[in-house]
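Chain and residue survey
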Amino acid sequence: MDPELTTLAQSAGATLVGLMATDAWERTRDGVVALWRRARPDRADTVAAELKHTRADLAADATAEEELAAEWQGRIRRLLTERPQVAADLRALLDELAPGGAPAASTVAQRATASGSARVYQAGRDQHITER
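This text gives an overview of the structure that appears in the document. Since the model is a prediction, treat every value here as computed from it, not as a measurement.

A few points about the overall build of the protein
If you tally the helices and strands in the protein, you get 5 helices and 0 strands. Written out in order from the N terminus, the α and β elements of the protein read α-α-α-α-α. When burial is assessed residue by residue, the protein has 33% of its 132 residues classed as buried. Restricting to contacts in the protein with at least 6 residues of sequence separation, those with at least 24 account for 60%. Put simply, the protein shows about 8,600 Å² of open surface, and 47% of that area lies on carbon and sulfur atoms.

Put into structure tokens, the structure is as follows:
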């Protein structure tokens, strides 16, 4: 799969699950279902039900956010694989859902291992470290 579409699917999955507990949820849900309705009308109702279940799972266990985002990344990746022309609509939806109308940020995935007395500092955005 095109790396750009993979990154788009990752960003969309994280954004979708991240907005489930916000005031923007209904608009987000409606936008995602509308996207599926245009690309795969036969799956739109199922996707609406899956979104409802995912939101309930998140409400029951907030620590499952990463796992739920990964599930949606997979669903969105499969949709983009089948219908790459949907990418433009998905980008537009993510831009619309971004706070303040700013373009949606990419998802940052980091992994680090430290041993002994080593330190690891990672940040997806700004990081300020003051050691004394």
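There's more to say after this.
Quick notes on the pattern of salt bridges
If you walk through the whole model with that rule in mind, you get 9 salt bridges. We note a salt bridge from D30 to R29, for which the minimum N-O separation is 3.2 Å. Using a relative accessible area of 45% as the deciding quantity, one classes D30 as partly exposed. A salt bridge links D42 to R40, with the nearest nitrogen and oxygen atoms 2.9 Å apart. Residue D42 is classed as exposed on the basis of its relative accessible area, which comes to 58%. Via salt bridges that share partners, R40, D42, E82 and R83 belong to a single interconnected network.

Section: the environment of V47
Within the secondary structure layout, V47 lies in helix α3 (residues 44–60). Considering only alpha carbons, one finds V47 and V33, 14 residues apart in sequence, at a separation of 6.6 Å. Those residues in contact with V47 that lie beyond four places of it in its chain are V32, W36 and W72.

Focus on the environment of A69
Within the secondary structure layout, A69 lies in helix α4 (residues 65–82). In this structure, A69 is in contact with G13, A14 and V17, ignoring residues within four places of it in sequence.

Comments concerning the environment of A44
Tracing the sequence through the fold places A44 in helix α3. For A44, a relative accessible area of 0% corresponds to the buried category. Distance from A44 to V33, taken between C-alpha atoms, is 5.7 Å for residues 11 residues apart in sequence. In this structure, A44 is in contact with V33, W36 and R37, ignoring residues within four places of it in sequence.

Let's talk about the side chain of R75
Here R75 is to be found in helix α4. The residues contacting R75, other than those within four sequence positions of it, are W36, E50 and T54.

Things to note about helix α1 (residues 3–18)
For α1, spanning 16 residues, the distance from its first C-alpha to its last is 22 Å, which sits close to the expected 22 Å at 1.5 Å a residue. Listed in full, the buried residues belonging to α1 are L5, L8, A9, S11, A12, G13, T15, L16 and V17. Buried residues belonging to α1 abut α2 (25–39), α3, α4 and α5 (87–97).

Rules used in this analysis
Residues numbered from 1 in each chain as written. Predicted model: local features only at pLDDT ≥ 70, side-chain atom pairs only at ≥ 80, totals over all residues. Heavy atoms only, no water. Helix = DSSP H or I, 4+ residues; strand = E, 2+ residues; numbered from the N terminus. Buried < 20%, exposed > 50% of the residue type's maximum accessible area, 1.4 Å probe, protein only. Contact = heavy atoms within 4.5 Å. Areas by Shrake-Rupley, 256 points an atom, 1.4 Å probe, with all protein chains shown as cover. Salt bridge = Lys/Arg side-chain N within 4 Å of Asp/Glu carboxyl O. Expected span 1.5 Å × (residues − 1).

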